[in-house]
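Report on the structure
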Amino acid sequence: MPSKPRQVRSQPLLAVRDVAASSHWYQQLLGCEGAHGGDEYEMLVSNGELILQLHAWDLDEHANLMGPDSAPHGHGVLLWFETTDFDASVKAAEALKVDWVEAPHVNPNSRRQEFWVRDPDGYVVVLAAESRRRG
């Protein structure tokens, strides 16, 4: 009997200084919803699917969630999101007065529109237009 293919879903977790403020920022930028709420932990969902978790620094002595000033936040990591409404995402970013890393442009490799910003904790967030190569 052939084995069933394994399914894996990404559920990134970020350590942040202010969970409620970061939750609001991501909800505005991504058009998602909070599914947990609170000052210690938040789950952000889009169409019922978990897309991002936020966790307060130095809360439960979890490994790697201690010492918020011990290293640059997310150095070498990009939080990459795909959106079905790129123009609305640009407007949301402008309304938030984001720290632009790369303004809206067309990526020459993917040929998709995208932009790069920093979140309130300094993590780099990329929003890309939905791929037309779905199949």
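In what follows, the accompanying structure is described. Given the structure is predicted, the values throughout are model-derived calculations rather than measurements. (Residues numbered from 1 in each chain as written. Predicted model: local features only at pLDDT ≥ 70, side-chain atom pairs only at ≥ 80, totals over all residues. Heavy atoms only, no water.)

Examining the packing of helix α1 (residues 19-30) against helix α2 (residues 86-96)
Relative to each other, α1 and α2 sit at 145°, their axes nearing to 7 Å. Taking contact as the criterion, the partners of Trp25, Gln28 and Leu29 in α1 are, on α2, Ser89, Ala92, Ala93 and Leu96. Residues belonging to the contact of α1 with α2 are distributed by class as follows: five nonpolar, two polar and no charged. (Axes fitted to C-alpha atoms, helices over the stretch in contact; angles between N-to-C directions. Helix = DSSP H or I, 4+ residues; strand = E, 2+ residues; numbered from the N terminus. Contact = heavy atoms within 4.5 Å. Nonpolar A, V, L, I, M, F, W, Y, C, P; charged D, E, K, R; others polar.)

Some points on α1
Look at α1: 16 Å from first C-alpha to last across 12 residues, which is about the 16 Å you get at 1.5 Å a residue. Residues of α1 that are buried include every one of Val19, Ser22, Ser23, Trp25, Tyr26 and Leu29, and no others. Each buried residue of α1 lies within a common arc of 165° when the element is viewed along its axis, so the set occupies one face. Its side-chain oxygen at 3.3 Å from the backbone nitrogen of Ala20, Asp18 defines the N-terminal cap of α1. Gly31 sits one or two positions beyond α1 and adopts a positive phi of about 70°. (Expected span 1.5 Å × (residues − 1). Buried < 20%, exposed > 50% of the residue type's maximum accessible area, 1.4 Å probe, protein only. Arc of directions from axis to C-beta. Polar contact = N/O pair within 3.5 Å; in protein donor to acceptor, adjacent residues only side chain to side chain.)

So, the sheet that holds strand β4 (residues 49-56)
One open sheet holds the four strands; their spatial order is β1-β4-β3-β2, and the pairing between them is mixed. What marks the edges here is a single partner per strand, and that holds for β1 (13-16) and β2 (33-34). Two strands pair when backbone bridges link them, and strand β3 (residues 41-46) and β4 are joined in this way by six bridges, in the antiparallel orientation. Looking at the pairing, Leu44 lines up with Leu52 of β4. Those strands touched by α1 are β1, β2, β3 and β4, and its axis lies near 155° from that of β4. (Pairing = 2+ DSSP bridges.)

Remarks on a negative patch on the surface
Taken together, Asp18, Asp39, Glu40, Asp58, Asp60 and Glu61 make up a surface patch of like negative charges. The residue Asp39 is located in the loop between β2 and β3 in this model. For Asp39, a relative accessible area of 63% puts it in the exposed group. (Patch = residues over 30% accessible without salt bridge, like charges linked within 9 Å, V, L, I, M, F, W, Y side chains within 5 Å. Areas by Shrake-Rupley, 256 points an atom, 1.4 Å probe, with all protein chains shown as cover. Salt bridge = Lys/Arg side-chain N within 4 Å of Asp/Glu carboxyl O. Lys, Arg positive; Asp, Glu negative; His and termini not counted. Charge placed at Lys NZ, Arg CZ, Asp CG, Glu CD.)

Regarding the packing of aromatic side chains
In this description, a pair of aromatic rings is defined by centroid distance and the angle of the planes. Tallied over the entire structure, the rule returns four aromatic pairs. Here the aromatic rings of Phe86 and Phe115 are separated by 5.6 Å at their centres, their planes lie at 55°, and the arrangement is tilted. With Phe86 in helix α2 and Phe115 in strand β7 (residues 113-118), this residue pair connects regions lying 29 residues apart in the sequence. Given a relative accessible area of 0%, Phe115 falls into the buried group. Their ring planes at 70° and their centres at 5.4 Å tell us that Trp100 and Phe115 sit as a pair that is edge-to-face. You can see Trp100 sitting in strand β6 (residues 99-106) and its partner Phe115 sitting in strand β7, a full 15 residues away along the chain. With a relative accessible area of 32%, Trp100 lands in the partly exposed category. (Phe/Tyr/Trp six-rings, centres within 6.5 Å; stacked < 30°, edge-to-face > 60°.)

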